[in-house]
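Architecture at a glance
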Amino acid sequence: MVFSSAAFLFFFLPIVMAIYFPLVKYGTLRNVILIIASLFFYAWGEGGYVLVMIGSIVINYFFALWVDRTRALGKSRLPITLCIIFNISLLIVFKYTNFIVDNLNLGLDAMGIAPIDIGHVHLPIGVSFFTFHCVSYILDIYRKQTSAQTSFTNTALYIALFPQLVAGPIVRYKDVAEQLTYRIVSIERFSKGINRFIVGLGKKVLVANVVALPADKIFAIPPDQLTTPVAWLGIICYTIQIYFDFSGYSDMAIGLANMFGFKFLENFNYPYISKSIREFWRRWHISLSTWFRDYLYIPMGGSRVAPWRVYFNLVTVFFLCGLWHGASWNFIIWGLFHGLFLVLERTPFGRMMDRAPSIVGHCYTLLTVMVAWVFFRAETLDMSLAYVSALFGFAQGSGVEWHVGLYLNPKVIAVIAAGIIGSMPIVPLIRNWRERIVTHHKHGSIAIDDGIESVVSILLLPAVFVLCVMSLASGTHNPFIYFQF
C-alpha cells in the first residue's frame, strides 16, 4: 500500500485513527493497534511475505536480549556475529540471489556448462530498510549505546511501524526508544503532522508524478535514436522526479509519525544546492548516509587513517551503498561514481573547488549528480553509457522520431520550473525573514504572521490536497522509486 493511494488516504488511515485515538491513553494497547495496522499495511502489497518480516522481528528480538545479557560478561562477540550473519543472509537470499546466479551463469556459459535455473526470487518490499533497522539496533546494544528492549511489542513496533516500514527514513532505535513507551499526541503536533503529510503528498503527486512521464518515455527511447536535447530533458525530469518522489515520501512518513506521537529526524536538506559531493551526501537521504558512516565507514577507520586507506574506505562504502540500492551493475557503478568523486575531492582538485566561486561548485556538483542518476535510472549498462554519450554531444539520433516537443507541454514546463524553485530553500528563507520581522516589530507583525500561517493552513494546504485527490482519481502515473529498494 502506498501513501499516495485512495486505499491509504480514505480507508486505511481514517480507520487506524478511529481505532487508535480512543485508546491513545493506554500505552500497550495503542502499540498493539499500530503493530496490527503496520502488518496489514505490509501484507496489503506483499501478502505472505509479511511472515519474512515477522520472522526477522522475532529473531532479532531474541538476538538483542542475548547480546545485552552477554555484553557485561565480555562474551557478546558470538551473538553479534550470528545476528549480523542472519540479517545479511536475509538480504542476500531475497535481494541478491538472482543477481549472483545471473552473473555465475555468464561464467558457466563461457565454459560451455549448462546454466543454473532457480527461477525468480521475489524481493519483499522494504527488506533493505527493516534489515538496516535491525542491524543498527543490535549494534547499538553491542556498543553499549542503548539497552535491549525487553518488550516484544515495542521491538515489533520499532521495526514494523508503517510510516517508515517500506521506504524509510532509517530510524535509529535510540532516537525513538522513549517514544515507544511514552509519547504525547498533542493537537499542535497532530496539526503539524497533517500539514507535513500534505506537503509530501503534493511533492509526490503534483511534481514527481508529472515529470515522471517524460522521464520514463525518454529513458525508453532506443539509445541509437537519442538526441542531446532530449537526453538532457530526460535527465532533468528524472533529477526532479527522484528528489520530489523520495523527499515527498520522507515528508509523509515524518508527518504520519507526528500524527501518532513520534518524531523522526529529517532525511533531506535541499541536496541540489550543494557545492560538493561531500556536501551532497550530508543533505541527501541523511538517514542512510549516516548509517553507512556510523556502522561501516568509521569502524573501517574513517578519515583517521593513511590517505590511501581513506580512499579505499570511501570507495568500499559507496560500492556497498550502490549495492544496497539494487542488485545490478548499474547501481554498483552509481555508488562507485560517487565514491570516486569523494576521493577526488580529497586531492588538490577538492581544494581548488573549495576556493572556486560558489556557482562553480554548484554546477560541478549538479552535473556530477545528474550524470550519476543516468546509471541509477537506466535499465542496462549499455543504455547508461549510450545515454551519457548523448548528454555530451555524441548522440546518434536524427531528432525526427524523438524530439523535445513531444514531451514538453505547458504543464510539464510549469512543473519543471516549480521543481527547480522547490529544490532551493526559499521557504526556510522566507520563514527566517518572517521571524526576524516578528522579533523587531512584535505586536503588529505577530498578527500578520498568524494571518500568513492561517492562510497556508486553511486555504493553501487543503487546495493542494484536493488537487492531489483529483490527480489520483484520474489514475495518474504513481510509482514510488524507493519502493524497489
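The structure under discussion appears in the preceding block.
This section reports on the structure supplied with the text. (Residues numbered from 1 in each chain as written. Predicted model: local features only at pLDDT ≥ 70, side-chain atom pairs only at ≥ 80, totals over all residues. Heavy atoms only, no water.)

With that out of the way, let us pick up the environment of Thr81. Note that Thr81 resides in helix H4 (residues 77-110). Thr81 gets classed as partly exposed once you look at its relative accessible area, which sits at 38%. The spatial distance from the C-alpha of Thr81 to the C-alpha of Pro169 is 25 Å, given a sequence separation of 88 residues. Reaching out from Thr81, the side chain makes a polar contact with the backbone oxygen of Arg77 at a distance of 2.6 Å. (Helix = DSSP H or I, 4+ residues; strand = E, 2+ residues; numbered from the N terminus. Buried < 20%, exposed > 50% of the residue type's maximum accessible area, 1.4 Å probe, protein only. Polar contact = N/O pair within 3.5 Å; in protein donor to acceptor, adjacent residues only side chain to side chain.)

Okay, the nonpolar core next. Core analysis: the largest hydrophobic core is formed by 140 residues, its most contacted members being Phe3, Phe8, Phe260, Trp373 and Tyr387. Ranked by the residues each element gives to this core, the list is headed by helix H10 (residues 228-259), at 18 residues. (Core = buried A, V, L, I, M, F, W, Y, C linked by side-chain atoms within 4.5 Å.)

Quick look at unusual backbone geometry now. Here Tyr270, not a glycine, exhibits a phi torsion of approximately 50°, which is positive. Position of Tyr270 relative to the elements: it lies in the loop between H10 and helix H11 (277-283). Positive phi outside glycine occurs at His285, with the angle close to 40°. Residue His285 is classed as buried on the basis of its relative accessible area of 0%.

Bringing the packing of aromatic side chains into the picture now. Counted under the stated rule, the structure contains 59 aromatic pairs. Aromatic side chains Trp291 and Phe292 sit 5.6 Å apart centroid to centroid with 75° between the ring planes, which places their arrangement in the edge-to-face category. Judged by centre distance (6.1 Å) and plane angle (45°), the ring pair of Phe341 and Tyr364 falls under tilted. Here Phe341 is found in helix H14 (residues 329-344), whereas its partner Tyr364 is found in helix H16 (residues 358-377), with 23 residues between them in sequence. The buried category is assigned to Tyr364, whose relative accessible area is 12%. The side chain of Lys95 reaches across the aromatic face of Trp324, ending 5.2 Å from its centre. (Phe/Tyr/Trp six-rings, centres within 6.5 Å; stacked < 30°, edge-to-face > 60°. Lys NZ or Arg CZ within 6 Å of the ring centre and 35° of its normal.)

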